[in-house]
Amino acid sequence: MSDIMQVDQLTFIHNKKKRWLKRPEIFQLGPIDLTVKRGETIAIIGENRAGKSLLAKLLVGGLPPDSGDIVLNSHKYAAKYTRKDKDAKQKRTHDIRMILQHSSESMNPAVPVGKVLDEPLRLNTSLSEAERKPLIEETLTKVGLLREHYYFYRHMLSDGQQQRVALARAIMLQPKVLVADEPFAALDPTIRSQTVNLILKLQQEMGLAFIFISHNLGIVRHIADRIIVMENGEIIEEGKTETIFRWPQHVTTKKLVTAYQSLVPQHTIR
Amino acid sequence: MPMLDIKNLTLELNTGDTTIKALDKVNLSVSTGEIRALVGESGSGKSLIVSAICGALSNQWTIKADRMSWNGENLLGMSKYQRREVMRRDIAVVFQNPQASLDPSATLGEQLEESIPEEFVEGTWFWQRAQHRKRIAKSTVHKVGIKHHQHYLNAYPHQIPSDIGQKFMIAMALVSQPKLLIADDPTRGMEPTTKTQILKLFTRLNQTRSLSILFVSHDLLAIASMSHSMTVLYAGQTVESGKMKHIKKRPLHPYTKALLDSAPSFRKDLPPKSHLPTLGGSIPTLQHLPIGCRLGPRCPRAQRACVSTPTVRRIHDHNYSCHFPLHMEKL
């Protein structure tokens, strides 16, 4: 497998200015180095306020980082893009897509699903409307929905279907990397299994690299190839899934893994 | 002798011309010192049961039940005052969304001190009582695992992250030392370490103070590790109920099996990245409930008989309602 994305010294500093009688709040993320292979699944775990969601947003370009580079397909651009290199931005929005945490709230309730899915195509490609519609319908069937769902509104869909639309929106532009912020947290168990199966299937078909944040270590163990453990804005441990679960090194990782193991019924650990 | 005993609870929503049956003959009982899990997906009516127990349903709902009693007293026949007294001292509820259930206009400390019953506060003079109240608040907050108590006791609900809010709700419920704790999805969105911490706290309280807990959730991993018995709910019908270890070993209802299968941690033999077994389709909405067994359209074992509602059958302590249960061939 070849490297598809390299993240080099990505840094983000959140700095609230000191005010009268108030201490300044400083939160630094990174510097973060990361390589992603083709078709690989990476899980980011860690406690709350460790900077996991922030890292996801920095990767897709939702927030501008302070320094660092992202190399994608041997095309290098500064992670912090300026107005001038619009081309680089366009390329990046093509190749790295995101699924947001609450799929239902991240969809516009006033427009039908078709329009929601049309938006990334209209903004990022030069396809005409006649070309866009079959593409949207094809993607809808790919995620297990029907063509008719093109005309549905958000409130007409169930949780699982909304998650599928979110997934469809993310894979609309044929990205190479998919970033997801707690994609399974809000879903019910049976729907969650369906989504996991769907993502696994899409990964096989499209060779997607999938980076996701999760608290559910059972799912992480099941689908992730590699795990990144974060604390206070830094990567404290990184490794293969089995290695992390069997021989955790860092104190925080140990805590997380033992907390998970204590819930799992004993006879399955062995 | 069950503390809380509910038999054939039916809830109907009146929407002008039509009535929707949100809960259909639900049975539930919690014994003294028992941790009972109530499992179901969203829209199965878990939270409705909780609201029905604490009497927080609006007038649109019609409650019908053969029996709904607390320690032998009929909850439905009580006066408003008596009901409130039971809710204040004996039953405590942790609601689902902390940000929405906390009072936005008061600090968390004020809210917590308000929920301390007068009998627990020692001291003759008001400043002694205030001090003691503060001490109780502080120790309760520590007990649920909040570290910076000074900061959070002085904060308003909008200033705190949701996991702290959740812990605060638990603290407010525990401070009055109830006999039954109803926890509506208390560990949702928590990281594993905090979750185990909260679950350990619940188990400890259950063992030392013999606190009964009705644990409402769909996190099967958490449930399996701590609860003694389980009731599974699907689309407003009780599907299966019984001892946890029996259900885990040998689920009789196809839906229970699907739920257990959906947690990959339960199975060691599952190879990584393999296809998870699951039920097709999605949970029906209340307006479009299928007739008969409500799992029918999604059930892999469904047959013609499934269009009539199955009756509750019983093997020892294990209740189930299914026409074609699993594992029955072996018996």
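Going by the structure above, here's the rest.
All of these numbers come straight from a predicted model, not from anything done at the bench.

(A) Representation of the overall build of chain B in the model. In terms of helices and strands, chain B carries 11 helices and 13 strands. Each principal axis of the C-alpha distribution contributes one length, and for chain B these read about 70 × 50 × 35 Å. Burial analysis of chain B (331 residues in total) assigns 43% to the buried set. Of the contacts made within chain B by residues no fewer than 6 positions apart, 64% connect residues no fewer than 24 positions apart.

(B) Seen up close, the interface of chain B and chain A. Across the contact, 32 residues belong to chain B and 32 residues belong to chain A. Contributions of two or more residues to the side of chain B that touches chain A are made by α8 (192-208), α9 (220-226) and α11 (254-261) of chain B. Ranked by residues supplied to the side of chain B that touches chain A, first place goes to α9 of chain B with five residues. A class-by-class count of the residues in the side of chain B that touches chain A yields 16 nonpolar, 11 polar and five charged.

(C) Broad picture of the sheet that holds strand β11 (residues 237-243) of chain B. Residues and elements named next belong to chain B. Taken together, eight strands build an open sheet; the order of strands is β7-β8-β9-β3-β10-β11-β13-β12 and the sheet is mixed. Whereas interior strands pair on both sides, the edge strands pair on one side only; in this sheet they are β7 (91-94) and β12 (313-315). Here the average twist between neighbouring strands, direction ignored, is 15°. With five bridges joining them, strand β3 (residues 35-40) and strand β9 (residues 212-217) adopt parallel strand pairing. Bridge assignment links Ile35 to a residue of β9, and that residue is Ile213. This element, helix α1 (residues 46-54), spans β3, β7, β8 (180-184), β9 and β10 (229-234) of the sheet and lies at about 145° to β8.

(D) Layout of the sheet that holds strand β7 (residues 177-181) of chain A. Residue and element names in this part refer to chain A. Taken in spatial order, the six strands make up an open sheet running β6-β7-β8-β3-β9-β10, and their pairing is mixed. Either end of the sheet is taken by a strand with one partner, and the two such strands are β6 (96-99) and β10 (234-240). Strand-to-strand twist across the sheet, computed as the mean angle between neighbouring axes with direction ignored, equals 20°. Judged from the five bridges that link them, strand β3 (residues 41-46) and strand β9 (residues 226-231) form a sheet pairing that is parallel.

(E) Summary view of the nonpolar core. By size, the foremost hydrophobic cluster in this structure holds 153 residues, and its most contacted members are Val179 and Ile211 of chain A together with Ile182 of chain B. In terms of residue count, helix α7 (residues 162-174) of chain B provides more of this core than any other element does, eight residues in total. Viewed by domain, this core spans two of them, domain 1 (2-90 + 179-320) and domain 2 (101-177) of chain B, each represented by three or more residues.

(F) Geometry of the environment of Asn232 of chain A. By secondary structure assignment, the location of Asn232 of chain A is in the loop between β9 and β10. By C-beta crowding, Asn232 of chain A is classed as partly exposed, having 14 other C-beta atoms within 10 Å.

(G) Spatial organisation of α7 of chain B. Residue and element names in this part refer to chain B. With 13 residues, α7 extends 18 Å from end C-alpha to end C-alpha; this agrees with the ideal 18 Å at 1.5 Å per step. Buried residues dominate α7, accounting for 12 of its 13 residues. Looking at α7, one finds that the buried residues are Asp163, Ile164, Gly165, Gln166, Lys167, Phe168, Met169, Ile170, Ala171, Met172, Ala173 and Leu174.

(H) Here's a closer look at the pairing of β7 of chain B. All names here are of chain B. Side chains of β7 alternate between two faces, with Ile91 and Val93 and Ala92 and Val94 buried alike. Direction of pairing for β7 relative to β8: parallel, over a ladder of four bridges. Following the sheet pairing, Ala92 is matched in β8 by Leu181.

(I) Broad picture of the environment of Asp163 of chain B. Inspection of the secondary structure assignment puts Asp163 of chain B in helix α7. Note: C-alpha distance between Asp163 of chain B and Lys195 of chain B (32 residues apart in sequence) is 9.9 Å. Apart from the residues within four sequence positions on either side, Asp163 of chain B is in contact with Asn48 of chain A together with Gly189, Met190 and Thr194 of chain B.

Here is what the cut-offs are and how they apply
Residues numbered from 1 in each chain as written. Chains lettered and ligands numbered in written order. Predicted model: local features only at pLDDT ≥ 70, side-chain atom pairs only at ≥ 80, totals over all residues. Helix = DSSP H or I, 4+ residues; strand = E, 2+ residues; numbered from the N terminus. Buried ≥ 20, exposed ≤ 12 C-beta atoms within 10 Å, placed from the backbone. Contact = placed C-beta atoms within 7 Å. Nonpolar A, V, L, I, M, F, W, Y, C, P; charged D, E, K, R; others polar. Pairing = 2+ DSSP bridges. Axes fitted to C-alpha atoms, helices over the stretch in contact; angles between N-to-C directions. Core = buried A, V, L, I, M, F, W, Y, C linked by C-beta atoms within 7 Å. Domains from an automatic or database assignment. Expected span 1.5 Å × (residues − 1).

Any functional reading would require information that these geometric values do not contain.
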